[in-house]
Amino acid sequence: MFYTKTTFKLYDKQTNNPISDKAYQMVGDLVNGFARVKYNDKFGYIDENGKEICDIKYDIAENFSNGFAIVKYKGKYGFIDKNGNEICEIKYDNVREFCEGLAEVCINGKWAFIDETGKEICDFKYTDVSAFHNGFAIIWIYDNCSFINKNGKEICNFIYSSACNFEYGLARVTVDITDDKYLYTYINEQGKEICKRYNEIGDFINGFAVIEDETENGYKYGFINLEGKELLTPGLKYDYVHPFSYGLALVGIMTSKKAFKYTYGYINETGTEVIKCQYEEASDFKSTGTARVMIPFGKFVYINKKGNVIKN
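Please read all numbers here as calculations on a predicted model, not as lab measurements.

On to the pairing of strand E21 (residues 261-268), then. The side chains of a regular strand alternate between the sheet's two faces. Within E21, six of the eight residues are buried, which leaves it mostly tucked inside the rest of the structure. Sheet topology places strand E20 (residues 248-256) next to E21; eight bridges connect them, and they run antiparallel. Residue isoleucine 253 lies in a different strand from E21, and its bridge partner there is threonine 263. The hairpin turn running from E20 into E21, its antiparallel successor, is four residues long, and phenylalanine 260 in that turn takes a positive phi close to 55°.

On the basis of which strands lie adjacent, the open sheet formed by three strands has the order E4-E5-E6 and antiparallel pairing. Lying at the two open borders of the sheet, with one neighbouring strand each, are strand E4 (60-61) and strand E6 (76-81). The pairing of E4 with strand E5 (residues 68-73) spans two bridges and is classified as antiparallel. Note that in E5 the partner of isoleucine 60 across the bridge is lysine 72.

Glancing now at the pattern of salt bridges. Pairing of side chains with opposite charge becomes possible as their charged atoms draw close. Under the criterion given, the structure shown has 13 salt bridges. Of the charged contacts, one joins aspartate 59 and lysine 42 as a salt bridge, the two residues approaching to 2.6 Å between their closest N and O atoms. Highlighted residues: aspartate 59 in the loop between strand E3 (42-47) and E4 and lysine 42 in strand E3, separated in sequence by 17 residues. Residue aspartate 93 pairs with lysine 76 through a salt bridge whose shortest N-O separation is 2.5 Å. With aspartate 93 in the loop between E6 and strand E7 (94-95) and lysine 76 in strand E6, this pair connects stretches of sequence that are 17 residues apart. Taking the relative accessible area as the measure of exposure, aspartate 93 reaches 29% and is therefore partly exposed. Overall, the relative accessible area of 32% leaves lysine 76 in the partly exposed class. Because the salt bridges share partners, they merge into one network encompassing Arg96, Glu104 and Asp128.

According to the stated counting rule, one finds 18 aromatic pairs in the structure shown. Ring geometry for tyrosine 58 and tyrosine 73: centres 6.2 Å apart, planes at 75°, overall edge-to-face. Taken as a pair, tyrosine 58 in the loop between E3 and E4 and tyrosine 73 in strand E5 lie far apart in primary sequence, 15 residues in all. Here tyrosine 58 falls in the buried class, since its relative accessible area comes to 2%.

Residue position: valine 173 is located in strand E14 (residues 170-178). Owing to a relative accessible area of 0%, valine 173 belongs among the buried residues under this scheme. Spatially, the C-alpha atom of valine 173 lies 9.1 Å from that of cysteine 145, the residues being 28 residues apart in sequence. Sequence-distant contacts of valine 173, defined by excluding residues within four places in its chain, comprise Phe147, Tyr160, Ser162, Ala163, Leu183, Tyr184, Thr185 and Ile187.

As a further point, take the pairing of strand E8 (residues 102-107). Most of E8 sits inside the fold, with five of its six residues counted as buried. In this structure, E7 lies alongside E8, joined through two bridges in antiparallel fashion. Paired with valine 95 across the two strands is valine 105, which belongs to E8. Hairpin connection, E7 to E8: the antiparallel pair is bridged by six residues, and glutamate 100 has positive phi, about 55°. Inspection of the sheet shows E8 paired to strand E9 (residues 110-115) by six bridges, in the antiparallel sense. Bridge pairing in E9 links glutamate 104 to phenylalanine 113.

Parameters and conventions
Residues numbered from 1 in each chain as written. Predicted model: local features only at pLDDT ≥ 70, side-chain atom pairs only at ≥ 80, totals over all residues. Heavy atoms only, no water. Buried < 20%, exposed > 50% of the residue type's maximum accessible area, 1.4 Å probe, protein only. Helix = DSSP H or I, 4+ residues; strand = E, 2+ residues; numbered from the N terminus. Pairing = 2+ DSSP bridges. Salt bridge = Lys/Arg side-chain N within 4 Å of Asp/Glu carboxyl O. Phe/Tyr/Trp six-rings, centres within 6.5 Å; stacked < 30°, edge-to-face > 60°. Contact = heavy atoms within 4.5 Å.

What follows is the structure, given as structure tokens:
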């Protein structure tokens, strides 16, 4: 077996002259304006002109992302910026990429965040954290979670077993009732629950989220709006609902539990049933303002938003 040691030298594209006499063990691809290089078994970076932006001294050097690169030095992690400056002390046991101007950092198994100047914005007390998304990050202390804002302030108590990222100023959270029963609700950016806790809540689509809850007539479905108000009055009454599409939502009432048969109709964004449940099959309204439905004897027709047949 023969072994050939390969090295890489950098040359100017126009003059074909060497940029330096240094021969690298590795030259990576340009990513976000910089390439990783290896020299004497250590890593660093060069810019698009082949200029080294920092000392070639790191044990690990990852590609630049969102303006910063993760580096490892003497067993610890930190970050450098595009000028090759270490923005913080290289002291962390683990780090993750910057997102929305903040990065997750870990010491002795506890997580916190630093900003782009390397300042720690909160104490190291969380057993895990997520990246920031729309101004907030999910934080855990063992099995319970909460949220933290960019000022390092926790917005609610650690009473939730799981959570989703904020969207439209709201985040869906889970509450453990028993070992096998969970309830769901939404909180706002102040950490306040905006609605009751339901058996299930969907994502907000076109301003409304599907909800499911147990009633005296079994589990029923409905909607809440972005203020947490239930759309249907009185209460939940449908056995099937589908997200709003072009101002109307498809709803259904079960007519046969044994055969799993439904009749379908449509409600508007005030919760009014504008087309009563009468169709054996139905689809969402389209951008044309029409929906395809099935009437008796298996015949399909198209209706407008008033329920009038417009096409056979």
